[in-house]
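Here is what each chain is made of, one letter per residue.
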Amino acid sequence: MTDKKEIERLAKQMRVQACLDCRKCEEVCPICRDNSEFSPQAFVKLALSPQPERLVSSGLLWACISCGLCRSACPDEQTDFPEFVRGVRETFVKTGQEPPFGHRGMVSAVGRLQASGDLSQKRLSWLTNATKTAESGDVLYFVGCLPYYDVIFSERIKKRLTQIALAGLRLLNSVGITPVVLPNEVCCGSDFYWMGDRQTAQSLFAKNAELIRRSGAKTVVVTCPECGSMLRMYPKLGYDHGCQVHYLADFLRKLIGPVRLAEKTALLSSCRLAPLLAEDLEGLLGSLFKGEVHSLADDLNKPVCCGTGGWLRSDALTRAMQDDLLVAAMNRGYTQLLTVCPKCRVHLGFAMRPEAWRRAELNVEDLTVFLSNNVEKASHGRVQA
Ligand code: SF4
Ligand code: SF4
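For the structure given in this document, a descriptive report is provided here.

## Thoughts on the sheet that holds strand E1 (residues 139-142)
Right, on to step 1. Strands sit in the order E1-E2-E3 across an open sheet of three strands; the sheet is parallel. Sheet topology places E1 and strand E3 (244-247) at the edges, where each strand pairs with a single neighbour. With strand direction ignored, the average angle separating the axes of adjacent strands in the sheet is 30°.
Right, on to step 2. Sheet topology places strand E2 (residues 219-222) next to E3; four bridges connect them, and they run parallel. Paired with Val-222 across the bridge in E3 is Tyr-247.

## Some words on the layout of surface pockets
Right, on to step 1. There is about 760 Å³ of room inside the largest pocket.
Right, on to step 2. For the largest pocket, the lining is made up of 28 residues, of which Ser-270, Cys-271, Arg-272, Ala-274 and Pro-275 are closest to its centre.
Right, on to step 3. Elements supplying a minimum of two residues to the lining of the largest pocket: helix H5 (69-73), helix H12 (225-233), helix H14 (281-289) and helix H15 (296-300).
Right, on to step 4. Taken together, the residues of the lining of the largest pocket break down into twelve nonpolar, seven polar and nine charged.

## Some thoughts on the pattern of salt bridges
Right, on to step 1. Counted by the stated rule, this structure contains 20 salt bridges.
Right, on to step 2. One salt bridge in this structure joins Glu-26 and Arg-23, with 2.9 Å as the shortest N-O distance.
Right, on to step 3. Its relative accessible area of 18% is what places Glu-26 among the buried residues.
Right, on to step 4. Classification of Arg-23 by relative accessible area gives exposed; the value is 53%.

## Details of the site of ligand 2
Right, on to step 1. In the vicinity of ligand 2 lie 13 residues, with Cys-29, Cys-64, Cys-67, Gly-68 and Cys-70 positioned nearest.
Right, on to step 2. Sorting the residues of the shell around ligand 2 by element identifies helix H2 (30-34), H5 and helix H6 (81-94) as the ones contributing at least two each.
Right, on to step 3. Classifying every residue of the shell around ligand 2 gives eleven nonpolar, two polar and no charged.

## A word on the nonpolar core
Right, on to step 1. Phe-43 and Phe-84 are the most contacted members of the largest nonpolar core, which has 119 residues in total.
Right, on to step 2. Of the residues forming this core, the biggest block, seven residues, is contributed by helix H9 (residues 162-174).
Right, on to step 3. Ignoring any residue separated from it by four or fewer positions in sequence, one finds Phe-84 in contact with Ile-7, Leu-10, Ala-11, Met-14, Val-16, Phe-43, Val-44 and Ala-47.
Right, on to step 4. Ranked by size, the runner-up nonpolar core spans 20 residues in total, among them Leu-300, Ala-328, Met-330 and Met-352.

## A word on the side chain of Asp-250
Right, on to step 1. Position of Asp-250 among the secondary structure elements: in helix H13 (residues 248-251).
Right, on to step 2. A relative accessible area of 6% places Asp-250 in the buried class.
Right, on to step 3. What Asp-250 contacts, discounting residues up to four positions off in sequence, is Leu-276, Leu-277, Ala-278 and Leu-284.

## What to know about unusual backbone geometry
With glycine set apart, most residues show a phi of negative sign, and most peptide bonds adopt trans.
Right, on to step 1. The residue Ser-66 is not glycine, and still its phi comes out positive at about 60°.
Right, on to step 2. Relative to the helices and strands, Ser-66 is located in the loop between helix H4 (54-57) and H5.
Right, on to step 3. For Ser-66, a relative accessible area of 2% puts it in the buried group.
Right, on to step 4. In this model, Lys-290 sits at a positive phi of 50°, which is unusual for a non-glycine residue.

Conventions adopted
- Residues numbered from 1 in each chain as written.
- Chains lettered and ligands numbered in written order.
- Predicted model: local features only at pLDDT ≥ 70, side-chain atom pairs only at ≥ 80, totals over all residues.
- Heavy atoms only, no water.
- Pairing = 2+ DSSP bridges.
- Helix = DSSP H or I, 4+ residues; strand = E, 2+ residues; numbered from the N terminus.
- Axes fitted to C-alpha atoms, helices over the stretch in contact; angles between N-to-C directions.
- 1 Å grid on protein atoms, 1.4 Å probe; cavity = no way out; pocket = protein on both sides within 12 Å on 5 of 7 lines; lining within 4 Å.
- Points joined across faces, edges and corners; volume = space filled by probe spheres on them.
- Nonpolar A, V, L, I, M, F, W, Y, C, P; charged D, E, K, R; others polar.
- Salt bridge = Lys/Arg side-chain N within 4 Å of Asp/Glu carboxyl O.
- Buried < 20%, exposed > 50% of the residue type's maximum accessible area, 1.4 Å probe, protein only.
- Near = heavy atom within 4 Å.
- Core = buried A, V, L, I, M, F, W, Y, C linked by side-chain atoms within 4.5 Å.
- Contact = heavy atoms within 4.5 Å.

Laid out in structure tokens, this is it:
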């Protein structure tokens, strides 16, 4: 039985009645642009109708990818459509609806395993003798699910995702930081949170918050903006870890560089990066690349999205979004595209697999890996945690 009262309460709290007379964000919403059935207006209308169950049969319940791009176009700062969608999903998940996680549910299965019981993981086999880590200390590197992505995706995209973690450690070590890396860290819970599976998300939040607190860290650095954004929300949701959370490249930007650029390069930002940055993206790119690299979205003058949000979708629609993005980058003359989010990297890897993508002129690389391979010198300064 759908909880209509709760949906009405959420609508008031997130001020989404405004969406009923407004279509301003449809221009920037990657799903609205490709799926004529979906819009915030259509979603709110159905959610507040006498039969909100039609959200399920129409497919609208799971259409939004929680990217938050609509917030940038919304005239009312208090309106929070993505949070409304999340809350509505929660009411349906409570009645037994299962989010249709992409990739045959493999990533969500791993997350649920990590959430249940006292699992002992072997998640540090990617570490090498050349990288230094600690069991306790001021700075903690939150690896996220990269070791599991290796198992699930690396064969198919011909790329090991733990390269990102190794690159992050190398950069931290190069400026004299030996970070804590937790042997039993679990999934940050972001995917479950945004899909409305609060029970799984809360179990993951509780485990990580306790492990981070016990490590004595004051700063958590991440190489995945989704992890970073979720970890920043932990205290507000009642799971205090006592740390500041930063995106690793931003945390180190005053200590690394200059960065060598041999190719015309753009950066594909991610939907959850901005709140993790000390200034803004242009500021970060200015520090790292002396203004030679710009955001692809700024260059194209429109928001771009890899379509991955929460591993919810991996289908013809998201593949078309990825293909459009790669073609747009190539049409602007870029030969290199840097990603900041491992999920974007995985999905662009799928889009560029040889049987689907025969134009090899574009190199796609994760920003942390690129920095680790190309930083000419690292200054051994002190980082203000
Ligand atoms: S989220 Fe904001 S911009 Fe989008 S339809 Fe609702 S009120 Fe309009
Ligand atoms: S969160 Fe993203 S997909 Fe969902 S309505 Fe907003 S812009 Fe569209």
